[in-house]
Amino acid sequence: MLPRDGHVHTEWSWDAPNGSMERACARAAELGVPAIAFTDHADFVTWRVSDDVAAFLRDLDATVSDGLFTPGRLDLDGYFDCIQRCRHQFPDLTVQSGVELGEPHWYAAEASAVLEAGKFDLVVAAVHSLPGVDGGFVEVSDAYLQRSPREVVREYLAEIDKLIAQWDRFDVLAHIDYAARAWPATDGPYRTSDFEDDYRSALHSLAKTDRALEVNTRLPLDPLIVTWWQQEGGSALTFGSDVHDAHFIAQGLDIASAMVAEHGFRPDPDHSGVWTLG
């Protein structure tokens, strides 16, 4: 059986204008996914964006003004109404509410307000941004235009460390390998092993909190990271396709779950979506 898809975006995320919670549920039911968590974005940062990123954002019907972009706020009333409709429409599917908080350690008041305004089954914390060299913040893909690729990855993983140290209101750390997604092809292949110490530091910090590490399948997670997670004391994993289109629900979860099973992880008997050692 496929595991829970614990990282899914719908029309309630600013970057998923073609998403659909209802279609995602229908697709999950079709595939036999036992549970799905809708972790739509709650982001508070304003990015300085390059022309390429600005074009991408405009394709999402987003507004970029003077090279700056601020993500739209999550409509909690609309989101939770949709969750309830889907639970009623798909009674055999476990539909969980969730949120993906972007850089919550930078915006503690705003992130806290989101959590206090709604009762979420799952809170995912994430880093998508880095400080820009000229001030402000940039999305990680734009950070590669400002400094060397190795600096970007190391700064990204250091920021993960800061998030864990400064913000404790989350259940799962999302896509620890996010910076690898935009690694410049001109710099050769991305090698996880080149950043072992940086990954281990973040993983060790997370393991001390007893929270879960996400196996995000947008980019197949290097099994090395699962090995290091175990060695640093980590004992819990979750899975997420991180899709923004309902057609791709559960993409890669079969391969990812087989990989972590080889490392000794097994689904919890309560079907929570968390896999633990044993």
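Cut-offs applied
- Residues numbered from 1 in each chain as written.
- Predicted model: local features only at pLDDT ≥ 70, side-chain atom pairs only at ≥ 80, totals over all residues.
- Heavy atoms only, no water.
- Axes fitted to C-alpha atoms, helices over the stretch in contact; angles between N-to-C directions.
- Helix = DSSP H or I, 4+ residues; strand = E, 2+ residues; numbered from the N terminus.
- Parallel < 35°, antiparallel > 145°, perpendicular 65-115°, else oblique.
- Left-handed = near helix turned anticlockwise from the far one by under 90°.
- Contact = heavy atoms within 4.5 Å.
- Nonpolar A, V, L, I, M, F, W, Y, C, P; charged D, E, K, R; others polar.
- Phe/Tyr/Trp six-rings, centres within 6.5 Å; stacked < 30°, edge-to-face > 60°.
- Buried < 20%, exposed > 50% of the residue type's maximum accessible area, 1.4 Å probe, protein only.
- Salt bridge = Lys/Arg side-chain N within 4 Å of Asp/Glu carboxyl O.

A few words on the packing of helix α7 (residues 196–207) against helix α8 (residues 223–231). The geometry of α7 relative to α8 is characterised by a closest axis approach of 9 Å and an angle of 50° between their N-to-C directions. When the axis of α7 is compared with that of α8, the two are oblique. Handedness of the crossing formed by α7 with α8: right-handed. Residues Glu196, Tyr199, Arg200, Leu203, Leu206 and Ala207 of α7 touch α8, and the partners they reach there are Ile225, Trp228, Trp229 and Gln231. Taken together, the residues that form the contact of α7 with α8 break down as seven nonpolar, one polar and two charged.

Direction vectors running N to C along helix α6 (residues 149–166) and α7 enclose 10°, while the axes themselves pass 9 Å from each other. The angle between α6 and α7 falls in the class roughly parallel. Contact with α6, carried on its side by Arg154, Leu157, Ile160, Asp161 and Ile164, involves Asp198, Tyr199, Ser201, Ala202, Ser205 and Leu206 of α7 and no other residues of that element. Here the residues of the contact of α6 with α7 sort into six nonpolar, two polar and three charged.

So, about the packing of aromatic side chains. Counting across every chain of the model gives 16 aromatic pairs. Ring centres of tryptophan 183 and phenylalanine 195 lie 6.2 Å apart, and the angle between their planes is 70°; on these two criteria the pair is classed as edge-to-face. Taken together, the residues tryptophan 183 in the loop between β9 (172–173) and α7 and phenylalanine 195 in the loop between β9 and α7 connect sequence positions twelve residues apart. Given a relative accessible area of 0%, phenylalanine 195 falls into the buried group. On the basis of an interplanar angle of 40° and a centroid distance of 6.0 Å, the ring pair of tyrosine 199 and tryptophan 228 is categorised as tilted. Linking tyrosine 199 in helix α7 with tryptophan 228 in helix α8, this pair joins segments that are 29 residues apart in sequence. Judged on exposure class, the residue tyrosine 199 and its partner tryptophan 228 are both buried.

Before going further, it helps to examine the pattern of salt bridges. Counted by the stated rule, this structure contains eleven salt bridges. Here aspartate 194 makes a salt bridge to arginine 150, at a shortest N to O gap of 3.3 Å. One end of the pair, aspartate 194, is in the loop between β9 and α7; the other, arginine 150, is in helix α6, with 44 residues separating them in the sequence. With a relative accessible area of 25%, aspartate 194 lands in the partly exposed category. A cluster of three or more residues bridged by salt bridges with shared partners is formed by Arg150, Arg191 and Asp194.

Treat this as a map of the structure, not an account of what it does.
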